[in-house]
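In case you want the letters, here they are:
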Amino acid sequence: MESTMKDLRGGASVLDMDPKSTVGGGVEDVYGEDSATLDQLVTPWTISVASGYSLLRDPRHNKGLAFTEKERDAHYLRGLLPPVVASQQLQEKKLMHTIRQYQLPLQKYMAMMELEERNERLFYKLLIDNVEELLPIVYTPTVGEACQKYGSIFKRPQGLYISLKEKGKILDVLKNWPERSIQVIVVTDGERILGLGDLGCQGMGIPVGKLALYTALGGVRPSACLPITIDVGTNNEKLLKDEFYIGLRQRRATGQEYSELLQEFMAAVKQNYGEKVLVQFEDFANHNAFELLAKYGTTHLVFNDDIQGTASVVLAGVIAALKLLGGSLADHTFLFLGAGEAGTGIAELIALEMSKRINAPIEEARKKIWLVDSKGLIVSSRKESLQHFKQPWAHEHEPVNTLLDAVKAIKPTVLIGSSGVGRTFTKEVIETMASLNEKPLILALSNPTSQSECTAEEAYTWTKGKTIFASGSPFDPVEYEGKVFVSGQANNAYIFPGFGLGLVISGAIRVHDDMLLAASEALAAQVSEENYANGLIYPPFSNIRKISANIAAKVAAKAYELGLATRLPRPENLVKYAESCMYSPVYRNFR
């Protein structure tokens, strides 16, 4: 990816440190949120006055019925709660029972969001302890429906909204946020939400959901997370006519007006929060996503989950799958359906890993990777009309119009879908993959479930159980001829929480491709023999915090190696250090 971005920047690298762009600082755990501070007593009014009735309405400190008799006397809670004292475990049991009663995923999503606004620690306790059950609720696929209906279900703002109305005042807007020590910002402009298109201001559900996972899965403190939506309008006619729409009612701003707003935003972020705040770009359209990453990669700590996070998690699955497929990475041929930010990002990272392993130029590795877009196979005769990020993939070949013909011509061992269009891996395509390969690797990555290129059932049935399959959204296990197949989920949530934690604990000031490769290799290393025996190329999400700690350690180690880390001295055991820095949702004892 860095090789592509360097072309866009005129040769500048993230390793070219500009001395004018380094700022000192560090983040102290003032709320007692990390695992390392579990035994410390917390004074709830150290930061803000919280006692009595107001304490019960402060989500960061509220424990509900878990306040002890001593705490009820000390903090003026006597009589404001029923007499019973309930443990956090009992509260968790009761709430999970309640959530399971709801029939619709959106109802469960709303119940979880209401819990977060009422009792933050209990929300994260539920999410961490029941991650496999609740991940599809707070993240994809349910978050997609939540964004579509965000105007109707909107109750309480959960982040910052920066619109064209705030132009010239963005620094002041950032100062309206109550937290000063921000480590991670997830920002969207809502133009390409999952596979659902332009949802404008209602895309806020994505940064909110991503940051909940940063905390639950990666251990980044909730107080250090800031969701932001940049509202430059929407081209979605349905939303513009919706009386409940919460954003600007105008067509999207583009060109200079758009880039000036983003420039002011990025400058204000650095001025307000310093050099080490991670800005994660989320669900920007292709034409903006690559430009923003190229433009700010050398001056800010920036990460695009759609380009880099997706690439890293897919590469991890491919590395792990080699154990089942056989051969080395360079022995395989890859065919992509979809040549947008996700597809080209994955392709570039696979090529980078391949070139590293065979010690050859990346241009050589790219020749093993082919992409199909809406106009057919990307070939050299189309080069002049291609967008810049597609051009490296224009190989010598006669034009091919359809995916099926491309599969027959290229004979790939790995088929990857990142098109955002559902049911594009047809029966003929998958049967052809099965006829060409003893064990085809098929990855249907588009989200949400409705946009997946094929279902798990289709993949296993049409290949007669031969395929190794993973998808972007979760699918139920599939029974075929008496055997149960459990498909993996190539979910970015495996990578970005641990990746972000690694940047935070090392005090990294730039993101480099080698960090993404380190994250992929760390994730692939977590797949056990038992997982392989079940045909899985990703470990279970139930171990995600351990996985994230290992990813964080590898990313941090790479940051130190590249000279991009600022937190000195380097901790001796980075895995243990990562675990000690992780947010713990266990209730704290109040003085």
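Residues numbered from 1 in each chain as written. Predicted model: local features only at pLDDT ≥ 70, side-chain atom pairs only at ≥ 80, totals over all residues. Heavy atoms only, no water.

Named according to an unreviewed UniProt entry, the protein chain is Malic enzyme originating from Manihot esculenta. In the Sequence similarities (unreviewed entry) part of its UniProt record, the protein chain is described as follows: "Belongs to the malic enzymes family." (UniProt positions renumbered as here; feature names shortened; annotations may be inferred.)

Asks: What am I meant to see in the pairing of strand β7 (residues 369-373) here?
Replies: Sheet faces and side chains relate simply in a regular strand, where the side chains alternate between the two faces. Among the five residues in β7, five count as buried, and that is most of the element. Residues I369, L371 and D373 point to one face of β7 and W370 and V372 to the other, with burial holding for every one of them. With four bridges connecting them, strand β6 (residues 334-337) and β7 associate as parallel partners. Bridging from a neighbouring strand, F336 pairs with L371 of β7. Sheet topology note: the β7/strand β8 (residues 376-377) ladder contains two bridges and is antiparallel. Residue D373 lies in a different strand from β8, and its bridge partner there is G376. Once β7 ends, the chain turns through two residues before running back antiparallel as β8. (Buried < 20%, exposed > 50% of the residue type's maximum accessible area, 1.4 Å probe, protein only. Helix = DSSP H or I, 4+ residues; strand = E, 2+ residues; numbered from the N terminus. Pairing = 2+ DSSP bridges.)

Asks: Help me understand the nonpolar core in this model?
Replies: Most often, soluble globular proteins have nonpolar side chains that are buried together. Formed by 164 residues in total, the largest nonpolar core has its most connected members in I228, F265, F334, I350 and F499. Ranked by residue count, the leading element in this core is helix α15 (residues 305-325), at eleven residues. Inspection of this core shows a minimum of three residues originating in each of domain 1 (142-300) and domain 2 (317-492). In this structure, F425, A444, A459 and F475 belong to the second largest nonpolar core, which totals 27 residues. (Core = buried A, V, L, I, M, F, W, Y, C linked by side-chain atoms within 4.5 Å. Domains from an automatic or database assignment.)

Asks: Sorry, what's going on with the sheet that holds strand β14 (residues 488-489) here?
Replies: The strands making up a sheet associate through backbone hydrogen bonding, with each pair oriented either parallel or antiparallel. If you trace the seven strands from one edge of the open sheet to the other, you get β8-β7-β6-β9-β10-β11-β14, paired in mixed fashion. Every interior strand has two partners, whereas the edge strands, β8 and β14, have only one. Relative to β14, strand β11 (residues 468-471) runs parallel, the two sharing two bridges. Residue pairing across strands places S471 opposite Q489, the latter belonging to β14. Against the sheet, helix α16 (residues 341-358) makes contact with β6, β7 and β9 (414-417), and its axis sits at roughly 165 degrees relative to β6, the strand it touches most. (Contact = heavy atoms within 4.5 Å. Axes fitted to C-alpha atoms, helices over the stretch in contact; angles between N-to-C directions.)

Asks: What's the story with the UniProt feature "domain: Malic enzyme N-terminal" (unreviewed entry) in the protein chain in this structure? I'm lost.
Replies: In the numbering used here, UniProt assigns the feature "domain: Malic enzyme N-terminal" (unreviewed entry) to residues 116-297. The distance separating the terminal C-alpha atoms of residues 116-297 is 33 Å; by composition the span is 46% helix and 11% strand.

Asks: Whenever I open this one, the domain arrangement of the protein chain confuses me. Can you help?
Replies: Split by domain assignment, the protein chain resolves into domain 1 (142-300) and domain 2 (317-492). Centre-to-centre separation of domain 1 and domain 2, based on C-alpha positions: 30 Å. In this complex, domain 1 contributes ten residues to the contact, which on the side of domain 2 involves ten residues. Both sides together, the interface formed by domain 1 and domain 2 hides about 750 Å², and carbon and sulfur atoms give 60% of it. Of all residues in domain 1, the largest losses of buried area upon contact with domain 2 belong to G195, N286 and F290, amounting jointly to 60% of the total for that side. (Buried area = accessible area lost by both parts, 1.4 Å probe.)

Asks: Can you walk me through the sheet that holds strand β1 (residues 160-163) in this structure?
Replies: Read from one edge of the open sheet, five strands run β1-β3-β2-β4-β5, paired in parallel fashion. Strands with a single pairing partner mark the edges of an open sheet, and in this sheet they are β1 and β5 (302-304). The mean inter-strand angle of the sheet, taken between neighbouring strand axes irrespective of direction, is 25 degrees. In this structure, strand β4 (residues 278-281) lies alongside β5, joined through three bridges in parallel fashion. Paired with Q280 across the bridge in β5 is F303. Together, β2 (184-188), β3 (225-231) and β4 form the strand contacts of helix α11 (residues 205-216), whose direction differs from that of β3 by roughly 165 degrees.

Asks: Looking at this model, I keep getting lost on the UniProt feature "binding site: a divalent metal cation" (unreviewed entry) in the protein chain. Mind explaining?
Replies: Those residues carrying the UniProt feature "binding site: a divalent metal cation" (unreviewed entry) are E282, D283 and D306 in this numbering. Taken along the chain, the residues just named run across 25 residues; in space they keep tight, none of their C-alpha pairs more than 6.7 Å apart. With respect to the helices, strands and loops of the structure, E282 is situated in the loop between β4 and α14 (286-296). Classification of E282 by relative accessible area gives buried; the value is 2%. Filtering out sequence-adjacent residues up to four positions away, E282 remains in contact with V186, V187, T188, D189, I206, K210, D305 and D306.

Asks: Is there a simple way to explain the packing of aromatic side chains in this structure?
Replies: For any pair of aromatic rings, the description rests on two quantities: the centre-to-centre distance and the angle between the ring planes. Under the defined criterion, the tally for this structure stands at 13 aromatic pairs. Here the aromatic rings of Y494 and Y538 are separated by 5.3 Å at their centres, their planes lie at 15 degrees, and the arrangement is stacked. Of this pair, Y494 sits in the loop between β14 and α21 (496-506) while Y538 sits in the loop between α23 (529-533) and α24 (544-562), and the two are 44 residues apart along the sequence. For the pair formed by Y494 and Y538, the shared burial category is buried. Stacked on the ring of Y53, the Lys or Arg R57 has its end atom at 3.9 Å from the ring centre. (Phe/Tyr/Trp six-rings, centres within 6.5 Å; stacked < 30°, edge-to-face > 60°. Lys NZ or Arg CZ within 6 Å of the ring centre and 35° of its normal.)

Asks: Is there a simple way to explain the packing of α21 against α24 in this structure?
Replies: If you want to describe how two helices pack, look at the angle between their axes and the distance between the axes. Interaxial distance between α21 and α24 falls to 7 Å at its minimum, and their mutual angle equals 45 degrees. The pairing of α21 with α24 is recorded here as oblique in orientation. Read as a crossing pair, α21 and α24 show a hand that is right-handed. Residues P497, G498, F499, L501, G502, L503, I505 and S506 of α21 touch α24, and the partners they reach there are S548, I551, A552, V555, A556, A559 and Y560. Taken together, the residues of the contact of α21 with α24 sort by class into eleven nonpolar, four polar and no charged. (Parallel < 35°, antiparallel > 145°, perpendicular 65-115°, else oblique. Left-handed = near helix turned anticlockwise from the far one by under 90°. Nonpolar A, V, L, I, M, F, W, Y, C, P; charged D, E, K, R; others polar.)

Asks: I keep staring at the pattern of salt bridges and nothing clicks. Help me out?
Replies: Pairs may arise between side chains of opposite charge once their charged atoms sit close together. Throughout the structure, instances matching the rule amount to 33 salt bridges. K63 is the partner of E71 in a salt bridge, and the nearest nitrogen-oxygen pair spans 2.9 Å. For the pair shown, E71 and K63 are each scored as buried. Between R192 and D283 there is a salt bridge, with the nearest N and O atoms lying 3.5 Å from each other. Here the residue R192 occupies a position in the loop between β2 and α11, and D283 occupies one in the loop between β4 and α14, the gap between them amounting to 91 residues. The class of R192 is partly exposed, set by a relative accessible area of 25%. Residue classification places D283 among the buried residues on the basis of a relative accessible area of 2%. It is possible to trace a salt-bridge network through shared partners that takes in E33, R60, E120 and E179. (Salt bridge = Lys/Arg side-chain N within 4 Å of Asp/Glu carboxyl O.)

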